[in-house]
Structure formats: C-alpha cells, structure tokens
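One-letter residues, chain by chain:
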Amino acid sequence: FNDQEYSINANITYSSSRLEIEPNDGGDGKPSTRLIEGVEFSGQLYSENDNDYYQIDVAQKGSITISFRSPLSSSLKYFNLYVVDKDGVFLAGTETGNNTTLDLNISEPGSYFIGVRSNSANGGTRFNDEEYSLSVSISNNSSNQEKEPNDGINSDGVNGGPATRIFSGERYTGQLSTSEDTDNF
C-alpha cells in the first residue's frame, strides 16, 4: 500500500476510420454499432452466421446512401447488405462481392439499421472473413429520384438491385441508363 498522490494521463485520438463494436448483432435488444455520417467504419464477419448491425439516426425525410467497400473484387455474392427500420421491417438490400452503394428514400425521421451478413447466412454458400468497411451519407433534400441499382423484381433485389421504395401521393422520376436498363419501383 502507498498513500502517496499519483497522476494519470489519457490521450484520445480520433481517426477518420472506426471499428465495429462487438457484439453488434442487433435486434431483440442486442446492441448495434452507432454510425456517424461521413465516417468510415470497418467490420469483419467472424463466422458464417455473424450479423453486424449499424445504427444511423436520421433527423428528417430524405435519403440515405450507404457506401460498402468489399475486401474482394468478385462477381460472386459474398456479402448481404440491407436496411431495416426500428421495427425490423426490411426496406432495401443487395448482395455483392464488390464495392457497392445502396440508396434508400426515407419517409420519416428516426433510427435505421444497416445489416451486413455473409451470403451463407442469407441462404447461400459463400463466406468471407476479411475486413470490409462502410460509410453513410444522409441527404435531407429528397428529390424523389429513382435510386440505382433498382433492376430487381422485389425489395430483396432479386435479379438486380432492390426496387426504389416509393410513398403514396408523391411523384418520382427516373432515367434509363442503357437500352437494357429496367427501373422498378
């Protein structure tokens, strides 16, 4: 025992990149890693059944753009990226083995949750445990423009990206990018 005065120092360093905080499996009261708009977060799927959940708070109607950076450059689908609302309702999603973006119109303020899981956890056979990263940007200026990719035939993005989510009574615009492009709402 020593009753002499002592001191401690702490230095906090902020970086432009942050790591997910485990456990962040989300849902049913489980924690999620809270995202900061414009800051890149890194994560890693530790098992085929790991689900990484991130929370982003949106102050008003607008749109969210999620930028996902894959550790791979593959045409095969290794990662399932999706968005649910506070009630767990699926809003948009896509599967990828490459860098991708996912755009989503938001009709009301609140907390939204971005999930990352392996293709095998989503019913497929592929898994990758290398580090991925993602960042989110929020636009409070909702232009009601289609969100690409939106070639899919349903909200899960089957046969292409997910259909652009729309709301009753609002006008939307789109543009075909090629003669083979299909825009689904």
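Each residue is numbered by its place in its chain's sequence as written, counting from 1. Only residues with pLDDT of at least 70 get local features here, since the model is predicted, and only at 80 or more are side-chain atom pairs given and counted; chain-wide, interface and lining totals rely on the full set of residues. Side-chain metrics in this entry use all non-hydrogen atoms of the structure; hydrogen atoms and water are not considered.

Thoughts on the overall build of the protein
Every helix listed is a DSSP run of H or I at least four residues long, and every strand listed is a run of E at least two residues long, numbered separately from the N terminus. Counting its regular elements, the protein contains 0 helices and 10 strands. Helices and strands in the protein line up, N terminus first, as β-β-β-β-β-β-β-β-β-β. Each residue is placed in one exposure class: buried if its accessible area under a 1.4 Å probe, protein chains only, is under 20% of its type's maximum, exposed if it is over 50%, and partly exposed if it falls in between. For the protein, the proportion of its 185 residues judged to be buried stands at 39%. Restricting the contact set of the protein to residue pairs at least 6 apart, pairs at least 24 apart contribute 66%. Shrake-Rupley sampling with a 1.4 Å probe provides the accessible areas, and residues are treated as covered by the protein chains on show and by no other component. Surface exposure of the protein reaches about 10700 Å², of which carbon and sulfur atoms provide 44%. Note on contacts: a residue pair is in contact if any heavy atoms of the two residues lie within 4.5 Å.

A look at the side chain of Asn-128
The topology assignment puts Asn-128 in the loop between strand E9 (110–118) and strand E10 (132–139). In protein, a polar contact means a hydrogen-donor-capable atom and an acceptor-capable atom, both N or O and within 3.5 Å, with residues adjacent in sequence counting only if both atoms are side-chain atoms; elsewhere, any N or O pair within 3.5 Å suffices. Side-chain polar atoms of Asn-128 contact the backbone nitrogen of Glu-130, separated by 2.8 Å.

Remarks on the pattern of salt bridges
Whenever Lys or Arg places a side-chain nitrogen within 4 Å of a carboxyl oxygen from Asp or Glu, that contact is recorded as a salt bridge. According to the stated counting rule, one finds 3 salt bridges in the structure shown. Linking Lys-86 and Asp-87 is a salt bridge whose minimum nitrogen-to-oxygen distance equals 3.5 Å. Residue class for Lys-86 comes out exposed when judged on its relative accessible area of 59%.

Points about the sheet that holds strand E6 (residues 74–85)
Here, any two strands with at least 2 DSSP bridges between them count as paired. Ordered by their spatial adjacency, 5 strands build an open sheet running E2-E4-E9-E6-E7, and the pairing between neighbours is mixed. Either end of the sheet is taken by a strand with one partner, and the two such strands are strand E2 (33–34) and strand E7 (90–97). Pairing geometry for E2 and strand E4 (residues 51–58), over 2 bridges, is parallel. Pairing of Thr-33 across the sheet is with Tyr-54, part of E4.

Section: the pairing of E4
Of all 8 residues in E4, 7 are buried; the element is thus mostly enclosed. As judged from the 8 bridges shared by E4 and E9, these two strands associate in the antiparallel manner. Bridge pairing links Tyr-53 to Gly-115 in E9.

Details of the environment of Gly-124
Locating Gly-124 in the fold gives a position in the loop between E9 and E10. In this structure the C-alpha to C-alpha distance between Gly-124 and Lys-77, which are 47 residues apart in sequence, comes to 8.7 Å.

Some details on the environment of Glu-130
Looking at the secondary structure, you find Glu-130 in the loop between E9 and E10. Setting aside its immediate chain neighbours within four residues, Glu-130 contacts Gly-43, Gln-44, Pro-71 and Leu-72.

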